[in-house]
Amino acid sequence: MRYRLLDAYPNYFWCDPDFYPIGNPDGELANALAQFDSIKSNDQEFTAIINRIGLDRKTDYTQEEKLLVYRQHKLLNKVTLEFQAISNGFTFVIRVGENQGQKITGTISNIGKIDVTKTEPSFNTCPICLSKGTAIDTPNGPVPVNQLSAGDVIWTVGENGERISAPIVNTTMTAEPSVFELMQIALADGRSVTASSRHPTSDGRLLGNLKLGESLDGSAIVSIEIVSYEGRTYDILPEGPSGTYWANGILLASTIVDPNCGS
């Protein structure tokens, strides 16, 4: 049934866990080899996969074949597809298209008949922003990013590098239907922030490219962890030349400045 839906909506949206939040092509093969026995033990799924890609059932598989199986396993389990059993099949929710796409709700019967009950706009993207509750510095004290709106005043960096107050001109909120991973970066002076690997620093780097010992906003990085995260991610864009703000006391740039990261 999952394959039936993926075939019906070939522009389905998903985030490949081996390439997001931090891409590592070598890691994909390592994960494929490590997880193959577990995937194979689920006979229903494994049978569907090998039939799908035209592999015979046999005792041993090559690394290349295991990688093909693993990629299908990811599709079946990581696509933003939600199922709930009903008497004659399942209800489903699938997101299609990237960025400004759609969220489609419907039912699929036991014989594979699809009926759409609702189609609505959906902004489909992997998490690109800040975790809920990240404190943004404002003239009235720290405020959680998820409580800020356009027009609210925050601290940013002015044209000459000075700290100035400015209104927010845009906000984003990305709703994620499943668990993703964000980066948690801790600094030597005690500050830390949790955000996506594609989130930019104030000096134009990406969080995902930072390494232990490097400096971020004047302090050395002492810890970088990948943490599971479920829920919405957020970002803001202040008025002014820099597009920067302080998140948990760390100066970052806005993803909204980059049209490929937010809108």
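Look a little higher up for the structure.
Residues numbered from 1 in each chain as written. Predicted model: local features only at pLDDT ≥ 70, side-chain atom pairs only at ≥ 80, totals over all residues. Heavy atoms only, no water.

**Q** Would you mind going over the pairing of strand β3 (residues 99-109) with me for this structure?
**A** In the case of a regular strand, side chains alternate between the two sheet surfaces. Bridging between strand β2 (residues 89-96) and β3 involves 8 bridges; their strand directions are antiparallel. Looking across to β3, one finds that Val96 is bridged to Gln102. Hairpin connection between β2 and β3: a loop of 2 residues separates the two successive antiparallel strands, and Gly97 in this loop has a positive phi of roughly 85°. (Pairing = 2+ DSSP bridges. Helix = DSSP H or I, 4+ residues; strand = E, 2+ residues; numbered from the N terminus.)

**Q** I would appreciate a short explanation of the packing of aromatic side chains in the present structure.
**A** Within a pair of aromatic rings, the relevant descriptors are the distance that separates the centres and the angle that separates the planes. For the structure on display, the rule yields 3 aromatic pairs. With 5.9 Å between their ring centres and 85° between their planes, Phe36 and Phe46 make a pair best called edge-to-face. Highlighted residues: Phe36 in helix α2 (residues 25-41) and Phe46 in helix α3 (residues 43-53), separated in sequence by 10 residues. Of the two residues, Phe36 and Phe46, both sit in the buried class. Taking 5.9 Å as the distance between ring centres and 85° as the angle between the ring planes, the aromatic pair formed by Phe46 and Tyr61 counts as edge-to-face. Taken together, the positions of Phe46 in helix α3 and Tyr61 in the loop between α3 and α4 (63-78) put the pair 15 residues apart, joining distant regions of the chain. A relative accessible area of 0% means that Phe46 is categorised as buried. Of the residues examined, Tyr61 reaches a relative accessible area of 5% and is grouped as buried. Here the aromatic cluster, defined as three or more aromatic residues joined through ring pairs, consists of Phe36, Phe46 and Tyr61. The ring of Trp246 has Arg163 sitting right over it, with the charged end atom 4.6 Å from the ring centre. (Phe/Tyr/Trp six-rings, centres within 6.5 Å; stacked < 30°, edge-to-face > 60°. Buried < 20%, exposed > 50% of the residue type's maximum accessible area, 1.4 Å probe, protein only. Lys NZ or Arg CZ within 6 Å of the ring centre and 35° of its normal.)

**Q** Please clarify how the pairing of strand β14 (residues 232-238) should be interpreted in this entry.
**A** Counting buried residues along β14, 6 of its 7 residues qualify, which places the element largely inside the surrounding structure. Relative to β14, strand β5 (residues 130-131) runs antiparallel, the two being bridged by 2 bridges. Paired with Ser131 across the bridge in β14 is Thr233.

**Q** For this particular structure, what's the right way to read the nonpolar core?
**A** Tyr9, Phe46, Val69 and Phe92 are the most contacted members of the largest nonpolar core, which totals 22 residues. Only α1 (2-8), α2, α3, α4, β2 and β3 provide two or more residues apiece to this core. Per element, the largest residue contribution to this core is 4 residues, and it comes from α4. Those residues in contact with Tyr9, other than ones at most four positions away along the chain, are Phe92, Ile94, Val96, Ile104, Ile114 and Val116. Judged by nonpolar contacts, the second largest core, of 21 residues, contains Val145, Ile236, Tyr245 and Ala247. (Core = buried A, V, L, I, M, F, W, Y, C linked by side-chain atoms within 4.5 Å. Contact = heavy atoms within 4.5 Å.)

**Q** Would you mind showing me how to read α3 here?
**A** For an α-helix, the turn length of 3.6 residues means that residues three or four places apart are oriented alike. Listed as buried for α3 are Glu45, Phe46, Ile49 and Ile50. Projection of α3 onto a plane perpendicular to its axis shows the buried side chains occupying an angular sector of 125°, all on one side. Seen from the buried face of α3, the exposed residues on the opposite side, beyond 90 degrees, are Gln44 and Asn51. Phi turns positive, to about 80°, at Gly54, one or two residues after α3. (Arc of directions from axis to C-beta.)

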